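So the chains spell out like this:
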Amino acid sequence: MINIGFGLMKKVLKYGLRFLGGFILVVLLIVLLVFLLIQTRPAKNMISRIAENQASQFINGNLQIGRLDGNFFAHLLLHDVLLTAGNDTIAHIPQLDLRYNLLSLVNGTVDIHSVRIDNPYFYLEQLNDSVWNVQQLMKPSDEEPDTTEAGSIDVHLTSFVINEGRIRIHASDTLIPEQISNLNAKLSLHLSENTVSANIDQFTLTTSNPDFQLRQFAFKLNMEGEETELRDFILSTAQNQIEGEATYRGEPVKRGTAQFRTKQLHLEEFSYFLPG
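Only a predicted model underlies this, so the values are computations on that prediction, with no experimental measurement involved.

The rules behind these values
Residues numbered from 1 in each chain as written. Predicted model: local features only at pLDDT ≥ 70, side-chain atom pairs only at ≥ 80, totals over all residues. Heavy atoms only, no water. Helix = DSSP H or I, 4+ residues; strand = E, 2+ residues; numbered from the N terminus. Buried < 20%, exposed > 50% of the residue type's maximum accessible area, 1.4 Å probe, protein only. Contact = heavy atoms within 4.5 Å. Areas by Shrake-Rupley, 256 points an atom, 1.4 Å probe, with all protein chains shown as cover. Salt bridge = Lys/Arg side-chain N within 4 Å of Asp/Glu carboxyl O. Pairing = 2+ DSSP bridges. Polar contact = N/O pair within 3.5 Å; in protein donor to acceptor, adjacent residues only side chain to side chain. Phe/Tyr/Trp six-rings, centres within 6.5 Å; stacked < 30°, edge-to-face > 60°. Lys, Arg positive; Asp, Glu negative; His and termini not counted. Patch = residues over 30% accessible without salt bridge, like charges linked within 9 Å, V, L, I, M, F, W, Y side chains within 5 Å. pLDDT = per-residue confidence, 0-100.

(A) Expanded view of the overall build of the protein chain. From N to C terminus, the protein chain includes two helices and 12 strands. Helices and strands in the protein chain line up, N terminus first, as α-α-β-β-β-β-β-β-β-β-β-β-β-β. Residues counted as buried form 28% of the 276 residues belonging to the protein chain. Contacts in the protein chain between residues far apart in sequence, at least 24 positions, make up 45% of those at least 6 positions apart. In the structure as shown, the protein chain presents an accessible area of about 18900 Å², 60% of it carried by carbon and sulfur atoms.

Encoded structure:
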């Protein structure tokens, strides 16, 4: 009897393992098939249309994605992203390159290796003294705001780059420039529950009417608990430059230090912005 029971158990275990192995194989084949299918051009076009339709539920405008490339699991490359509202082109991005690690979400981390935006164009219009066109893009939500406290999540953005951006502005305030061109930026960011680390390695732009040139704006900022440190700060324009660093501690005793250096100031560079 014992031998019969042992043989039956062995047989059940054998077929059970075979079934489990076959089930895992089928799942892997399905995952592989889905992975291969979404690499095809028709599937990518379908995903683009789904994204456009979903966006229309949240924005007062029309989103179009000209072409979508990448493997979706670690890399996305979007071409000719166009956002319109009425007859206005609010944004046009010829190329948006995203590289990331989806598996990091399992550990509660948003890990973005790089974001690269080439030659973006934006249009800003001041509708009145306090409202801009972009503020009216989002449709109002009927849902009650979620007041529950979200769990902590880490955000790692290793590289965010903008190359040769341009912004056209229509505003009643004459202090606001009509156009911003040569917009270039390079930065990195790390956010966690008690830490903020931000590095701006490059930020430059040129404005028209009034004319102004920002040749370089950069700094390294680290906030951890009650301590804040600002290092390698530099603000450089066509005629002026300021460099410096600062620290601040909130507890147990509030204290801070700051040291900034500048050469002779040429205030005439800012005469348009200063009261007469």
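(B) Seen up close, the pattern of salt bridges. Going through the model one piece at a time under the given rule, you end up with eight salt bridges. Put simply, Arg116 and Asp118 hold a salt bridge, and the shortest N to O gap is 3.3 Å. Three or more residues joined by partner-sharing salt bridges are found here, namely Lys220, Glu229, Arg231 and Asp232.

(C) Looking closely at unusual backbone geometry. A cis geometry characterises the amide bond from Asn209 onward to Pro210, with omega recorded as 5°. Secondary-structure assignment places Pro210 in the loop between β8 (195–208) and β9 (212–224). For Asn119, which is not a glycine, the phi torsion comes out positive at approximately 50°. Phi at Asn209 is positive, roughly 50°, even though this residue is not glycine. Assignment of secondary structure puts Asn209 in the loop between β8 and β9. The exposure class assigned to Asn209 is partly exposed, which follows from its relative accessible area of 46%.

(D) Up close: the pairing of strand β1 (residues 62–69). With seven bridges connecting them, β1 and strand β2 (residues 75–85) associate as antiparallel partners. Residue pairing across strands places Gln64 opposite Leu82, the latter belonging to β2. Once β1 ends, the chain turns through five residues before running back antiparallel as β2, passing Gly70 with a positive phi of about 110°.

(E) Quick peek at the side chain of Gln126. Relative to the helices and strands, Gln126 resides in the loop between β5 (121–125) and β6 (154–170). Side-chain polar atoms of Gln126 contact the backbone nitrogen of Ser172, separated by 3.0 Å. Apart from residues lying up to four places away in sequence, Gln126 is in contact with Val131, Trp132, His170, Ala171, Ser172, Asp173 and Ile176.

(F) The arrangement of the packing of aromatic side chains in detail. By the definition in use, this model includes four aromatic pairs. Pairing Phe217 with Phe233 gives two aromatic rings, centres 5.9 Å apart and planes at 85°, and the pair type is edge-to-face. Here Phe217, found in strand β9, pairs with Phe233, found in strand β10 (residues 227–237); they are 16 residues apart in sequence, far enough to count as distant. Exposure remark for Phe233: the relative accessible area of 16% places this residue in the buried category.

(G) Main features of the side chain of Asp111. Along the chain, Asp111 falls in strand β4 (residues 109–118). For Asp111, which is buried and forms no salt bridge, the nearest opposite charge comes from Arg99, at a distance of 13 Å. Beyond its immediate sequence surroundings of up to four residues, Asp111 is in contact with Tyr100, Asn101, Ser104 and His156.

(H) Broad picture of a nonpolar patch on the surface. Together, Phe73, Leu102 and Leu105 line one region of the surface with nonpolar side chains, adding up to about 280 Å² of accessible area. Mapped onto the elements of the fold, Phe73 is located in the loop between β1 and β2.

(I) Highlighting the confidence of the model for the protein chain. With 76% of its residues at a pLDDT of 70 or more, the protein chain shows a mean pLDDT of 80. Within the protein chain, strand β7 (residues 179–191) carries the highest mean pLDDT (95), whereas helix α1 (residues 2–37) carries the lowest (49). Predicted confidence for residues 1–10 stays below pLDDT 50, and this span has zero contacts to residues more than four positions away or in other chains. Overall, residues 19–24 carries pLDDT values under 50, and its contacts beyond four positions in sequence, including any with other chains, amount to zero contacts.

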